[in-house]
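What the coordinates show
Now for the letters of each chain:
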Amino acid sequence: MAVSSSATGGSPSVNALAVDLVVMAARFTRYAARQSRAVEATAVWRALAILEEHGPMRVSDFAEIDRCSQPTATTMMQRLEQSGRVQRVPDPSDGRATLLSLSAMGRRKLTELRSGVATGLGPQLEQLSGEERSELEAAVRTIAKLISPD
């Protein structure tokens, strides 16, 4: 899984760690979704989580954050709005526009999806030693610090 420094222009060990982290995070996310037995597509989870994290936003802002096309974002938001998981709220900076926001139903669904992950992964995490769980907790804190906007 390691990558050479010539391919990325930096330190081999840091670059390899960066690639390994992204690859493992993506694999772990897919694995966790399978273990949760949720029938929702991961794109739905991601959309709800983005709205939770960033708050009300325009479709174009969602598309930029999710790194998808605006038509794809529009379709996703329309589906989520039709299902009651997303709602339109007035844009405080433009009285003519609306923003998309996570609805109470959307918050409940996101909580349910996350609970399914906990239920699916919990038994496996219980099998880890206390030291291994502590290492994972430290890794989660480190990742949170790394992606924190401060």
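Residues numbered from 1 in each chain as written. Predicted model: local features only at pLDDT ≥ 70, side-chain atom pairs only at ≥ 80, totals over all residues. Heavy atoms only, no water.

1. Observations concerning the nonpolar core
Put simply, the test is: We define the nonpolar core as a collection of buried residues of types Ala, Val, Leu, Ile, Met, Phe, Trp, Tyr and Cys that are connected through side-chain atoms lying within 4.5 Å of one another. Partly exposed describes any residue whose relative accessible area lies between the buried limit of under 20% and the exposed limit of over 50%, with all areas from a 1.4 Å probe on protein chains only and scaled to the type maximum. For the purposes of this entry, the term helix denotes a DSSP run of H or I that reaches at least four residues, the term strand denotes a run of E that reaches at least two, and both are numbered from the N terminus. Pairs of residues are marked as contacts when any of their non-hydrogen atoms sit within 4.5 Å.
In terms of nonpolar packing, the biggest core is built from 23 residues, with L48, F62, M77 and L80 touching the most fellow members. For this core, the secondary structure elements donating two or more residues are α2 (12-36), α3 (42-54), α4 (59-66), α5 (70-82), β2 (94-102) and α6 (104-126). Ranked by the residues each element gives to this core, the list is headed by α3, at 6 residues. Non-local contacts of M77, meaning those with residues more than four positions away in its chain, are made with A47, L51, V59, F62, V86 and L100.

2. Quick look at unusual backbone geometry
Look at R37: it is not a glycine, yet its phi comes out positive at around 65°. Along the chain, R37 falls in the loop between α2 and α3. On the accessibility criterion, R37 (70% relative accessible area) is exposed. Even without being glycine, R67 reaches a positive phi, approximately 60°.

3. Some details on the packing of α3 against α4
Rules: To obtain each axis, a line is fitted to C-alpha atoms, and for helices this fit is confined to the stretch in contact; angles are then taken between N-to-C directions over 0 to 180 degrees. Any angle that falls under 35 degrees is termed roughly parallel, while one over 145 is termed roughly antiparallel, one within 65 to 115 roughly perpendicular, and all others oblique. Whether a crossing is left-handed or right-handed is set by the direction in which the near helix is turned from the far one by less than a right angle, anticlockwise for left-handed and clockwise for right-handed. Three classes are used: nonpolar for Ala, Val, Leu, Ile, Met, Phe, Trp, Tyr, Cys and Pro, charged for Asp, Glu, Lys and Arg, and polar for all others, with Gly counted as polar.
Relative orientation of the contacting elements α3 and α4 amounts to 110°, with a least axis distance of 11 Å. The angle between α3 and α4 falls in the class roughly perpendicular. Considering only the axes of α3 and α4, their crossing is right-handed. For the pair formed by α3 and α4, the contact residues are R46, A47, I50 and H54 on the first element and F62, I65 and D66 on the second. Considered class by class, the residues forming the contact of α3 with α4 number 4 nonpolar, 1 polar and 2 charged.

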